[in-house]
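Descriptive structure summary
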Amino acid sequence: MAERVVPPAARRRRRPTKTGVVLSEQLIVETALRLLREHGADALTVRRLGLALGADPTALYRYFRDTDDLLLAIADELIGRTLRTWRPTGDWRADLRDLGLRMHSGSLAHPQAAVLSAYRVTGRVHEIAAVETILGVLRGAGFPDPEAVRIYHAFVDQALAFAALDAASVALPPAAREAEAGVWRATYARLSPDTHPHIAATARHLVADMRRSAYPAALDLLLDAAAARLAEAGRPSGLPADAAGGSRPSHRRAPGRRTTGPVRTATQEADRT
């Protein structure tokens, strides 16, 4: 595609396409997601999109500069779909865990798109809403601003890294996925304890566990570490954990922070106005 995007106000087609639909940015993104899901990354071309939409391929230039611009819109759409299904409760740890799992499952629902877009920064409306929302959850829980940013960064990068890793696995042909799972049974489970004592001792657990995504466990470890850091930040210097009210600080909040009510996403706030 070329550098000739039409301003938003001038984008709407006056006539329907051959399939009877009126082109829009949203329709193009949804069609691109379908093509990626059904045919893989090779389907993301102007010609294939034009055929699927029943439109002249050059009409897509009115909405996107090139296929990379379209890919950023796809990435932002996946973020938006996650935010639209997420309902915060006011419990920062539970809310971030739920959001992370929804991000992960949303990527697995569109594995080809996730593999192509998980590492991109879109700077678009849904990504901006997600950044604002996650930082709001962390600041509302009482994390100091530098710590809130560090945890935000770790949380998002962890979610996107696992999304890309697991989506790549899901995108494999079924026979290839089964063959990889079989390696743990056919190779690792048969290693001798004389040469590989640790693998042999844990082989049955490896066979059972390596078929599943490690993301839920990794997410819990991250949130546990964040809760411990929040508790440490709330204790006077030198005061032991048990003297500060126990060692399970997940729901403590710093003085002066909002302590009741759920954090609304930026998208939900916009919907109220």
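So, here's what we can say about the structure. (Residues numbered from 1 in each chain as written. Predicted model: local features only at pLDDT ≥ 70, side-chain atom pairs only at ≥ 80, totals over all residues. Heavy atoms only, no water.)

Comments concerning the overall build of the protein chain
- When helices and strands are counted, the protein chain shows eleven helices and zero strands.
- For the protein chain, the N- to C-terminal ordering of α and β elements is α-α-α-α-α-α-α-α-α-α-α.
- Counting only residues that meet the buried cut, the protein chain has 37% of its 273 residues in that class.
- Partitioning the intrachain contacts of the protein chain with sequence separation of at least 6 by distance along the chain shows that 70% fall at a separation of at least 24.
- Element-wise, carbon and sulfur atoms account for 56% of the exposed surface of the protein chain, whose accessible area totals about 15,300 Å². (Helix = DSSP H or I, 4+ residues; strand = E, 2+ residues; numbered from the N terminus. Buried < 20%, exposed > 50% of the residue type's maximum accessible area, 1.4 Å probe, protein only. Contact = heavy atoms within 4.5 Å. Areas by Shrake-Rupley, 256 points an atom, 1.4 Å probe, with all protein chains shown as cover.)

Description of the packing of aromatic side chains
- In the structure shown here, the tally under the stated rule is three aromatic pairs.
- On the basis of an interplanar angle of 50 degrees and a centroid distance of 5.5 Å, the ring pair of Phe162 and Tyr215 is categorised as tilted. In this pair, Phe162 sits in helix α7 (residues 145-171) while Tyr215 sits in helix α10 (residues 215-234), placing the two residues 53 residues apart along the sequence. Of the two residues examined, Phe162 and Tyr215, each falls in the buried class. (Phe/Tyr/Trp six-rings, centres within 6.5 Å; stacked < 30°, edge-to-face > 60°.)

Here's the deal with helix α1 (residues 25-39)
- With 15 residues, α1 extends 21 Å from end C-alpha to end C-alpha; this agrees with the ideal 21 Å at 1.5 Å per step.
- Within α1, burial applies to Ile28, Val29, Thr31, Ala32, Leu33, Leu35 and Leu36.
- Considering only its buried residues, α1 is in contact with α2 (46-53), α3 (67-85) and α5 (111-117).
- Residue Gly40 follows α1 closely and has a positive phi angle near 85 degrees. (Expected span 1.5 Å × (residues − 1).)

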